[in-house]
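Letter by letter, the chains look like this.
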Amino acid sequence: FSGLLFGCKQWYQRRVRDPKIDFNILLEIGEEHRLKWKFEKQGDLLRSILFHPEEHKNSILEGLLLRIILPLKDSITTLKAPKHVFHWLMKHIRFPYVGLHITKISPPCLQLLSCPDTEENVLIGVHALSVIVQYIGRAQLRNNGLDKVYREYLRKILYHSNAVCLEKAVPCSMDLMNLLEYPPTQLTELWKASEYDHYMIEYLEQAAYATTTDKKIVYAKGLRRLITTFDNIIIKHLKSVLTLVIDYMKVEDTDLRLMCVQCLSLLLHHGWPRITTHTIDILLACVNVAEQEHTNPSVHVKVVGIVQTLREHSGGSMDYYLEKLRGSANKGAKALATSVLETKKDKESVR
């Protein structure tokens, strides 16, 4: 038993990286629940706590929360031990224990999210929040009065100076928004601003302030999901979204431009017919990309597809500009116009 106990202690100290918490606390928790669950040996319970956390989770998690994490929640952002114990706990907690202990899990989670300058704190806090969003329902948040609290933290997790944190925070904020509010679905309420509209405005504002390419890639990736979520309601924010996408397409980065082209494709699908009022702006952005990426076949094919779809939606009003581009000296613009016009002729010959 002493060998097993020593091995558990060594494993525990390696797991939390900084053994500032006295291991006797875990032993006390183990003794309490050994009597409760009638374990024959304390070592069996320690094995259950440290190696098989699926067994008797509710009592074990409650003991960890009450005896370790909650007493140190105010210093969880500075002390490594409670922080990593909380991270380990959130990796193993599942339904229905998230809902049972939501009032105990939320304070340390929000405490970690309130320190945006520390990458480690933000990553642990965002992971904990993603677990909460995944395993809790909208009614449970409202019954505990946590919906307003999490709504206030949406803005905090939406913007981070670190692209690594932002990559985790943006999808988490969207999942949280889906939990707090129903996605907009009715065109009859275009005049009425919803929480989703406020979220979209905040998202576009933060995306416009992004200065590095890696952060812009994260925002462009999230924008694809937002366009799909809004569906036809995206026409409320069409001008702002197009302005951001066209501005991102000017950045000389192939990955970012591919994501922006995918955003344009989604806008053509969900924003028709109002998208045709921005035909010239989209065409100029595509021509600019074609001129700079004419040696990249993957980008060229996608840009040609966008212009073809745009031409079909505009009813052929772009043919004049395509003919002008066909005589351009730039190889990329000329190849773009030629491909679109040849596709048009092929379709007419088939008819």
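Residues numbered from 1 in each chain as written. Predicted model: local features only at pLDDT ≥ 70, side-chain atom pairs only at ≥ 80, totals over all residues. Heavy atoms only, no water.

What to know about the side chain of Glu-293
Tracing the sequence through the fold places Glu-293 in the loop between helix H16 (279-292) and helix H17 (297-313). Not counting chain neighbours up to four residues away, the residues in contact with Glu-293 comprise Thr-254, Arg-257 and Val-299. (Helix = DSSP H or I, 4+ residues; strand = E, 2+ residues; numbered from the N terminus. Contact = heavy atoms within 4.5 Å.)

Description of the packing of helix H11 (residues 163-180) against helix H13 (residues 213-230)
It is at 9 Å that the axes of H11 and H13 come closest, and there the two elements cross at 15°. Considering the angle they form, H11 stands roughly parallel to H13. You can see that H11 and H13 cross each other, and the crossing is right-handed. Of the residues in H13, those touching H11 at Ala-163, Leu-166, Glu-167, Val-170, Pro-171, Met-174, Asp-175 and Asn-178 are Asp-214, Lys-215, Val-218, Tyr-219, Lys-221, Gly-222, Arg-225, Leu-226 and Thr-229. A breakdown of the residues in the contact of H11 with H13 according to their chemical character gives 8 nonpolar, 3 polar and 6 charged. (Axes fitted to C-alpha atoms, helices over the stretch in contact; angles between N-to-C directions. Parallel < 35°, antiparallel > 145°, perpendicular 65-115°, else oblique. Left-handed = near helix turned anticlockwise from the far one by under 90°. Nonpolar A, V, L, I, M, F, W, Y, C, P; charged D, E, K, R; others polar.)

Topic: the packing of aromatic side chains
Taken as a whole and assessed by the stated rule, the structure comprises 4 aromatic pairs. Taking 5.4 Å as the distance between ring centres and 80° as the angle between the ring planes, the aromatic pair formed by Tyr-320 and Tyr-321 counts as edge-to-face. Owing to a relative accessible area of 55%, Tyr-320 belongs among the exposed residues under this scheme. Clustering of aromatic rings is evident, with ring pairs tying together Tyr-199, Tyr-203 and Tyr-219. Above the plane of the ring of Tyr-182 lies Arg-138, whose end atom (NZ or CZ) is 4.0 Å from the centre. (Phe/Tyr/Trp six-rings, centres within 6.5 Å; stacked < 30°, edge-to-face > 60°. Buried < 20%, exposed > 50% of the residue type's maximum accessible area, 1.4 Å probe, protein only. Lys NZ or Arg CZ within 6 Å of the ring centre and 35° of its normal.)

Quick notes on the packing of helix H14 (residues 238-249) against helix H15 (residues 254-270)
Where H14 contacts H15, the axes come no closer than 9 Å and their chain directions differ by 155°. Overall, the two elements H14 and H15 adopt an arrangement that is roughly antiparallel. Remark: the crossing between H14 and H15 carries left-handed chirality. On the side of H14, the interface is formed by Leu-238, Val-241, Leu-242, Val-245, Tyr-248 and Met-249, while H15 contributes Leu-256, Arg-257, Cys-260, Val-261, Cys-263, Leu-264 and Leu-267.

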